[in-house]
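Breakdown of the fold
Spelled out, the chains give:
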Amino acid sequence: MNQFKKKYYFKSVSVIQILGLLIAIMALIGIDKVLVSNILFMIGLGTICLAVVDILLGAHLLAGWFRHKKKGETDDEYEQSKIKIREVGRMKNQPVRFSRFGRSMLIIGASYIILAIVITL
């Protein structure tokens, strides 16, 4: 259980999933199924998009942009401020890391999309 708490926001995700289940049960009882399914599906897609943005923010995509010599800058100043290629390569070749927020959003998004599909069956 402690391992789950370290990897994602356990209580928040559980509450949000229970809320989604309650909405799904209400849709099965009497509310418009297609409307509720569409809303859950869109919320699921939105949370997955948030997770993707969170993952890409930590991916060092902008590391290592080339810096050109400025007008009036000497060769020595340019060499000192030059980008170290090996450090940038080491940073970019690191594995993709998922934060707790990203994992939580992926879990919520996947569960809401699955609920939306189950409602319309």
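That block above? That's the structure.
Calculation notes
Residues numbered from 1 in each chain as written. Predicted model: local features only at pLDDT ≥ 70, side-chain atom pairs only at ≥ 80, totals over all residues. Heavy atoms only, no water. Helix = DSSP H or I, 4+ residues; strand = E, 2+ residues; numbered from the N terminus. Buried < 20%, exposed > 50% of the residue type's maximum accessible area, 1.4 Å probe, protein only. Areas by Shrake-Rupley, 256 points an atom, 1.4 Å probe, with all protein chains shown as cover. Patch = residues over 30% accessible without salt bridge, like charges linked within 9 Å, V, L, I, M, F, W, Y side chains within 5 Å. Salt bridge = Lys/Arg side-chain N within 4 Å of Asp/Glu carboxyl O. Core = buried A, V, L, I, M, F, W, Y, C linked by side-chain atoms within 4.5 Å. Contact = heavy atoms within 4.5 Å. Axes fitted to C-alpha atoms, helices over the stretch in contact; angles between N-to-C directions. Parallel < 35°, antiparallel > 145°, perpendicular 65-115°, else oblique. Left-handed = near helix turned anticlockwise from the far one by under 90°. Nonpolar A, V, L, I, M, F, W, Y, C, P; charged D, E, K, R; others polar.

Brief notes about the overall build of the protein chain
From N to C terminus, the protein chain includes six helices and zero strands. Reading the protein chain from its N terminus to its C terminus gives the helix and strand order α-α-α-α-α-α. A burial count over the protein chain gives 22% of its 121 residues as buried. Within the structure as shown, the protein chain displays about 9200 Å² of accessible surface, and the carbon and sulfur contribution to it stands at 67%.

What to know about a nonpolar patch on the surface
On the surface, a cluster of nonpolar side chains totalling about 700 Å² of accessible area is made up of Phe 41, Met 42, Leu 45, Ile 114, Ile 117, Val 118 and Leu 121. Structurally, Phe 41 can be placed in helix α3 (residues 33-57).

Here's the deal with the environment of Gly 58
Mapped onto the secondary structure, Gly 58 falls in the loop between α3 and α4 (75-81). A sequence separation of 39 residues divides Gly 58 from Arg 97, and the C-alpha atoms of the two residues are 7.2 Å apart.

Description of the nonpolar core
Counting residues in each nonpolar core, the largest one holds eight residues, listed as Ala 24, Ala 27, Val 36, Leu 40, Tyr 112, Leu 115, Ala 116 and Ile 119. The set of elements that each furnish at least two residues to this core consists of α2 (10-29), α3 and α6 (100-119). Those residues in contact with Leu 40 that lie beyond four places of it in its chain are Gly 20, Ile 23, Tyr 112, Leu 115, Ala 116 and Ile 119.

Side note on the packing of α3 against α6
Running from N to C, α3 and α6 point in directions that differ by 160 degrees, and their axes come no closer than 7 Å. When the interaxial angle is binned, α3 and α6 end up roughly antiparallel. Here α3 and α6 pass one another in a crossing that is left-handed. Looking at the contact of α3 with α6 residue by residue, the class counts come to 19 nonpolar, five polar and two charged.

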